[in-house]
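Spelled out, the chains give:
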Amino acid sequence: MFRNVFGAHPDGIWAAPGRVNLIGEHTDYNDGLALPIAIPQTTLLAARRRDDGQLRLHSAQGDGRVVDLAVAELTPGVVTSWAAYPAGVVWALGEAGHRIGGADLHFDSMVPTGAGLSSSAALECVVACAYDGLYDLGLSAPELARLAQRAENAFAGVPCGIMDQMASACCTAGAALYLDVRAGVHEQVPFAPEERDLRLLIIDTRVKHDLGDGAYAALRAGCEQASSLLGLAALRDLSPSDLPRAGRMLPAHLLPLVRHIVTENARVTEAVSHLRAGRIAELGPILTAGHASLRDDYRISCAETDLAVETAIGAGALGARITGGGFGGSVIALVDDDAAETVGAAVIAAFRTHGFQAPNLFPVFPAPGARRVERAGWGGVELGP
Ligand code: ADP
Ligand code: MG
């Protein structure tokens, strides 16, 4: 496809994965804790360096047109289509003082878009990783993640935290990534559900969220308002025992937001200690408690995601929750291998009964982060654990 579009061979092929967050939702922009894994679904990028300063972008998931931009003229606001994500990374590299130029880039992705699996971070991180290779920049994985986040915040205009990009850039196979945003800590925590005869199931409800629609920004602003009313640098600084006092100091509409962040950070800590001790099944109730918090306190669930969670648990899942930014997207369920088929069938039947469109169900395992690949393909070297 690269040859068809650009009439030459690419210099190389890179891949960056989508992610699913086990626990720790909306905590990253509160300086808190999260525990994502990278998923086997990647965004592939065939790329060729250009020395004339032009950036040409084409996506198999786009409208067929090539977006042609001059690197020297990239400024926030000028690119409004999907191309803002990859062009934003090139802009961020230049802004950070890296000596970069143009490129021809062709993307093809297996990460569903707008499904809470972070296709946007996969798109950004694969560009950062390819530019690192094409221009020999020597950047570390966390540096790639920060540039990708800068692109999404300042160029694409989405005020996301750092979790998605850290997951896509820094995850490794067979592990979850423990993130402490305040401390700048990222640690691999072994996570191999298959060794315990368990499976992590994604239920993509196909309800499309749009994080750019202002809801995410409003939640973020609510958290910032609450932490400033409490005189804190971030909600990260609050522990569960502080909640009664916070309740007396905050207007009623802000307390549930604060309660979610504080209890969610505690759930990440608890989940990490279970995983470190090999007690993967103990994650189940933590996921379910996290869902209740996102549904009742943070209020980012919807009828489809609630139904998926309730039905999965009713059919024998150890735990389930909405994952990602919210307002639709995907649910994760931790299930025994033996129960996986029953759980899947129950969710599909429940969606049919409610007149919801059929969800997309698939198992995932912890996969590696952004990297150069020898050859394109969805199988073989790409998807092996
Ligand atoms: P999520 O990151 O959860 O998938 P977002 O709304 O943050 O959802 O990002 C989705 C957007 O990212 C799409 O609407 C599109 O603009 C862009 N995008 C992601 N992957 C691709 C791709 N392969 N080709 C073109 N655009 C893409
Ligand atoms: Mg996104």
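Predicted model, so just to flag it, every value in this text is computed and none were measured.

Engineer: Looking at this structure, how should I read the overall build of the protein chain?
Structural biologist: Across its full length, the protein chain carries eleven helices and 13 strands. Computed over the C-alpha atoms, the radius of gyration of the protein chain is 21 Å, within 12% of the 21 Å expected from 2.2 N^0.38 for a compact globule of 385 residues. Partitioning the contacts of the protein chain with sequence separation of at least 6, the portion at a separation of at least 24 is 72%. As presented, the protein chain carries roughly 15,000 Å² of accessible surface, and 50% of it is formed by carbon and sulfur atoms. The distance from the centre of the 30 positive side-chain charges to the centre of the 43 negative ones in the protein chain is 1 Å.

Engineer: Would you mind showing me how to read the side chain of T323 here?
Structural biologist: Structurally, the position occupied by T323 is in strand β10 (residues 319–323). Excluding its chain neighbours within four sequence positions, the residues that come into contact with T323 are V20, N21, E25, G116, S330, V331 and I332.

Engineer: Even after reading the chapter, I still don't get the sheet that holds strand β7 (residues 175–180), so can you show me in this structure?
Structural biologist: Within a sheet, each strand pairs with its neighbour through backbone hydrogen bonds, oriented either parallel or antiparallel. Pairing is antiparallel in the open sheet, where three strands are placed in the order β2-β7-β8. A single partner strand is all that each edge strand has here, and the edge strands are β2 (33–34) and β8 (185–190). Where β2 lies against β7, two bridges are found, and the strand directions are antiparallel. Bridge pairing in β7 links A34 to L179.

Engineer: How should I be thinking about the site of ligand 1 in this particular structure?
Structural biologist: The local shell around ligand 1 holds 16 residues, among which S59, Q61, G114, S119 and S120 are the closest. Q61 is positioned such that a nitrogen or oxygen atom in its side chain is 3.1 Å from a nitrogen atom of ligand 1. S120 has a polar side-chain atom sitting 3.0 Å from an oxygen atom of ligand 1. Protein burial of ligand 1: of its 570 Å² of free accessible surface, 84% is covered by the chains. For the shell around ligand 1, the element with the most residues is helix α3 (residues 119–134), which contributes three residues. Classifying every residue of the shell around ligand 1 gives six nonpolar, ten polar and no charged.

Engineer: Explain the domain arrangement of the protein chain to me, please; I cannot follow it from the model alone.
Structural biologist: One widely used convention gives an interface's size as the accessible area the parts lose upon coming together. According to the domain assignment, the protein chain consists of domain 1 (2–190 + 367–383) and domain 2 (193–364). Each partner contributes residues to the interface: domain 1 has 38 residues there, and domain 2 has 45 residues. Linking domain 1 with domain 2 are four salt bridges, by the criterion used here. One salt bridge connects E187 with R276, and the closest N-O pair in it is separated by 2.5 Å. Linking domain 1 with domain 2 are 21 residue pairs in polar contact (both at pLDDT 80 or more), by the criterion used here. Elements with a contribution of two residues or more to the side of domain 1 that touches domain 2: β1 (12–21), β2, β3 (36–50), β7 and β8. Its residues assigned to classes, the side of domain 1 that touches domain 2 comprises 20 nonpolar, eleven polar and seven charged.

Engineer: Can you help me understand the nonpolar core in this one?
Structural biologist: Across soluble globular proteins, nonpolar side chains have a tendency to be buried as a group. Counting residues in hydrophobic clusters, the biggest one holds 53 residues, and the most contacted among them are L55, L57, L74, L105, V127 and Y131. The leading source of residues in this core is α3, at nine residues. In terms of nonpolar packing, the next biggest core, distinct from the first, is built from 40 residues, A246, I322, V343 and F351 among them.

Engineer: Would you mind showing me how to read the packing of aromatic side chains here?
Structural biologist: Aromatic rings considered in pairs are described by the distance between their centres and by the relative angle of their planes. Within the structure shown, the criterion is met by six aromatic pairs. A centroid spacing of 5.3 Å and a plane angle of 20° characterise the contact between Y131 and Y135, whose relative ring orientation is stacked. The exposure class assigned to Y131 is buried, which follows from its relative accessible area of 0%. Where F351 meets F356, the ring centres are 5.6 Å apart and the plane angle is 75°; that geometry is what we call edge-to-face. Owing to a relative accessible area of 1%, F351 belongs among the buried residues under this scheme.

Engineer: Hey, could you run me through the pairing of β8 in this one?
Structural biologist: Here is the key point about a regular strand: its side chains alternate between the two faces of the sheet. Note that β7 and β8 share six bridges and pair antiparallel. Its bridge partner lying in β8, Y178 is registered against E187. Hairpin connection, β7 to β8: the antiparallel pair is bridged by four residues, and G184 has positive phi, about 65°.

Engineer: What should I look at first to understand the sheet that holds strand β13 (residues 371–373) in this one?
Structural biologist: Pairing is mixed across the open sheet formed by six strands, whose spatial order is β5-β4-β6-β3-β1-β13. The open sheet has two edge strands, β5 (67–70) and β13, and neither has a second partner. Between one strand and the next, the sheet's axes are offset by a mean angle of 30°, whatever the strand orientation. Pairing of β1 with β13, which is carried by three bridges, proceeds in the antiparallel orientation. In the sheet register, A15 faces β13, and the bridge partner there is R371. Where helix α2 (residues 84–95) meets the sheet, its contacts fall on β4 (54–59), β5 and β6 (102–109), and the angle it forms with β4 comes to roughly 150°. On the sheet, helix α5 (residues 163–170) packs against β1 and β3 and is oriented at approximately 130° with respect to β1.

Rules used throughout
Positions within a chain are numbered from 1, following the residues in the order the chain's sequence is written. The lettering of chains begins at A and the numbering of ligands begins at 1, in the order of writing. For this predicted model, a pLDDT threshold of at least 70 governs which residues receive local features, and a threshold of 80 or more governs which side-chain atom pairs are given and counted, while totals over whole chains, interfaces and linings are taken from all residues. Based on all heavy atoms of the structure, the side-chain values leave hydrogens and waters out of the count. Numbered from the N terminus, helices here are DSSP runs of H or I no shorter than four residues, and strands are runs of E no shorter than two. Two things to know: the radius of gyration comes from C-alpha atoms, and the globule rule equals 2.2 Å times the number of residues to the power 0.38. Whether two residues are in contact is decided by their heavy atoms: any pair within 4.5 Å suffices. Only the protein chains shown count as cover for residues, with accessible areas throughout obtained via the Shrake-Rupley method and a probe of 1.4 Å. His is not counted, nor are the chain ends; Lys and Arg add positive charge and Asp and Glu add negative charge. Where a charge sits is defined by one atom per residue type, namely NZ (Lys), CZ (Arg), CG (Asp) or CD (Glu). Two strands qualify as a pair provided DSSP detects at least 2 bridges between them. In this text, near means that some heavy atom of the residue lies within 4 Å of the molecule or strand in question. As used in this structure description, the phrase polar contact means that two N or O atoms lie within 3.5 Å; if the pair is within protein, one of them must be able to donate a hydrogen and the other to accept it, and residues adjacent in sequence are counted only when both atoms belong to side chains. We call Asp, Glu, Lys and Arg charged. Ala, Val, Leu, Ile, Met, Phe, Trp, Tyr, Cys and Pro are nonpolar, and the rest, Gly among them, are polar. A domain assignment, automatic or from a database, supplies the domain bounds used here. Salt bridges are defined by distance alone: a side-chain nitrogen of Lys or Arg within 4 Å of a carboxyl oxygen of Asp or Glu. Residues enter a nonpolar core if they are buried and are Ala, Val, Leu, Ile, Met, Phe, Trp, Tyr or Cys, with the set joined through side-chain atoms within 4.5 Å. Only protein chains enter the accessibility calculation, which uses a 1.4 Å probe; a residue whose area is less than 20% of its type maximum is buried, one above 50% is exposed, and one in between is partly exposed. Classification of ring pairs rests on two measures: the distance between centres of Phe, Tyr or Trp rings, Trp counted by its six-membered ring, which must be within 6.5 Å, and the angle between planes, read as stacked under 30 degrees, edge-to-face over 60 and tilted in between. Inter-axis angles, ranging from 0 to 180 degrees, are taken between N-to-C directions of lines fitted to C-alpha atoms, where helices are fitted over the stretch in contact.

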